[in-house]
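As a plain string of letters, each chain reads:
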Amino acid sequence: MAVAEAQLYAKVSNKPRGRSTSALLEPLLAKGFPAHIAQKALVATGQKTVEDAAKWLHSHCNDPSLDDPIPQEYALYLCPTGRLHSRLQDFWKESKRQCGKNRAHEVFPHVTLCDFFTCEDQKVELLYDILKRVGDSFSQSFPPSISLTLHASPSYLGFFIDDSQANILREFAVAFSSEASALADCHVKPSLKQFHLTLAHRFYPHHQKTLEQLAKSINPGEPCQWVAALYSRDMRFVHYQRLRALFQYKPQNIDELMLNAGDLIYVDPRQQSDVSEGWVIGTSHRTGCRGFLPENYTERAHEADTWVRHREYVFDTTSRSFTKTEKEPNIKLNGEAHNLSMSRSVTNVLSLQNAALPRGVLVMHHGERVDQVFGKSWLQQCLTADGKYYRADLNFPSSLPRRKDSMKQFEHDPPLSCCGIFQSRLIGDALLDQEVTVSHVYSSPALCCVQTAQHVLQGLKLNPKVRIRVEPGLFEWTKWEESRAIPIFMTVAELVEASYDIDTSYRGNFPLSSLVPSESYEDYVSRSSTVIKQIINACPSKGRGVILIVGHSSSLAPLTRALTGLPDRDSRDFAQMVQKIPSLGMCFCEEQKEESKWQMVNPPVKTLTHGANAAFNWRNTIMED
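The structure displayed is predicted, hence computed values, not measured ones.

Engineer: Got a sec to walk through a nonpolar patch on the surface? Specific residues and values, please.
Structural biologist: Residues Phe616, Trp618, Ile622 and Met623 make up a contiguous nonpolar surface patch of about 520 Å² in total accessible area. Mapped onto the secondary structure, methionine 623 falls in helix α17 (residues 618-623).

Written out as structure tokens, the structure reads:
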């Protein structure tokens, strides 16, 4: 047993057991479930219905922790509803799109009344009764409206609650914690900090201005009914990451995890060092089972996605609120008074932002290359005795472009596979569906990158309107070239002869002769930083066009981090990071014109995920005994 789990067992093993029973418990006992397991199922589903609990028990039939006496942790939050909640959700969505995820996105909008505490399963029903009783006692003194003042710092953005109203909320939290501690044998601590509703937390300092601008468009005086809600979480996985399954996965081995689309998985980052590349080991929230799963079948989920909402108390203050005609309250925003009728919603600001979309830079990894499927000796598999190319597998291209020098140069400058061509065309189609306007295209001189750019443009229906600018400075980190020499790339003339839409007037910022074999990591990062700045300066700032850059897996981080002003990644983890970037993996940066800065946001299209398809020999597989 792990040390952390042993401490959890010790925490609960000496507590006296209560005898509180729920009306929902009896049907489960009648079905033959032991009392402690039935209570665990009820708590895990928020004590809603017998059907929910029975479904949970069925899903957890192979859960090795089903008999463990570890209780849930509970917290009491004050949550906004109605139009204010909608505006806050708009802010959540737009701040994530413009500035990326920060710590506040892990949880929904709330004010913490009582932070997490443990309660035994059989005593949870007492918490429900206490919440109802304390809520009733404060129903008349609860503020008709709550004044919110925006506060900002380099790492925090949120609304602070007026002191007089915060004192009432604090008295409510103290009353709940006192009764819960006395009646349910829980050690509950009311929040002692200044009551606040967090909008953003632990974000990059250069995002502060953008976040503040979005927050100022929230009208904190929007109609709102406040709700005190009791939530629970599994205390074993507090410090774990959450993943959400995007696709169904059927285990191929006994130590792998069954996934349904939408399943939530707990993953401990500290336990992944010995796991094979592309895999993680985690515990299913739905089944409680533990096993390996393919990482590219998942996306990051939020912490609160695995929480359970139990009971709530709605503070109905409508009868005591002023109507708009009686009094138009002033709300403090950044310390200044604003009339509600003059405030604008987030959606109004968004519509203005969308009217003039900023410039964007889409940095893309090339599609699948033939050597990634068939190995470094792929060309030998496709040459006849007299040195002519033939298609040895349907995933090989039907032909190779003509080049003046030896065909063997393709070994060091391999083309896309047929699947790579399909991937690229699919991404182009998706960009077209999203109405992405590409104004300029830059490509590494590697053939696979030029081909990727060509087929993305075909999917966008931009051939030959937009032509490809071949930029040698976009070639990958030369230290990774196995030949210890710079490959001999196809010339611009050869590419044009092969019907690629190349901008023949373009002169690269870095001549091919400037690429040095086995360059240092610092030199590669410096080259990437220089070339991205030169590309940006060469493209007009007016208009809505997106600059498409097709490079290598090593291109994404140094190009985008240089553009957004982020520090370079440590060279020690760079190689491990690069291995996680799939074919057509992409990053998207948007220009913030008011700040003359760039920031990374979600790409305009989803990622492309697919499984492996091994070679098949019918004779050896079907005919062999």
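Engineer: Go over the sheet that holds strand β8 (residues 264-267) with me, naming the residues and quoting the values.
Structural biologist: Spatially, 5 strands are ordered β10-β9-β8-β7-β11 in an open sheet, and the strand pairing comes out antiparallel. The open sheet terminates on both sides in strands that have one partner only, identified here as β10 (290-294) and β11 (298-300). Recorded for the sheet is a direction-independent mean angle of 45° between the axes of neighbouring strands. Bridge count for strand β7 (residues 241-245) against β11 is 3 bridges, and the pairing is antiparallel. Considered in β11, the bridge of leucine 243 is made with arginine 300.

Engineer: Outline the sheet that holds strand β4 (residues 156-161), supporting the account with residue identities and numerical values.
Structural biologist: The 3 strands are arranged β3-β4-β5 in an open sheet whose pairing can be described as antiparallel. One side of each edge strand has no neighbouring strand; the edge strands of this open sheet are β3 (148-153) and β5 (196-201). Each strand of the sheet is rotated relative to its neighbour by a mean of 20°, with strand direction disregarded. As paired elements, β3 and β4 share 6 bridges and run antiparallel to each other. In the strand pairing of β4, alanine 152 is matched with leucine 157. Of the strands in this sheet, β3, β4 and β5 are in contact with helix α5 (residues 82-99), which crosses β5 at around 20°.

Cut-offs applied
- Residues numbered from 1 in each chain as written.
- Predicted model: local features only at pLDDT ≥ 70, side-chain atom pairs only at ≥ 80, totals over all residues.
- Heavy atoms only, no water.
- Patch = residues over 30% accessible without salt bridge, like charges linked within 9 Å, V, L, I, M, F, W, Y side chains within 5 Å.
- Areas by Shrake-Rupley, 256 points an atom, 1.4 Å probe, with all protein chains shown as cover.
- Salt bridge = Lys/Arg side-chain N within 4 Å of Asp/Glu carboxyl O.
- Helix = DSSP H or I, 4+ residues; strand = E, 2+ residues; numbered from the N terminus.
- Pairing = 2+ DSSP bridges.
- Axes fitted to C-alpha atoms, helices over the stretch in contact; angles between N-to-C directions.
- Contact = heavy atoms within 4.5 Å.

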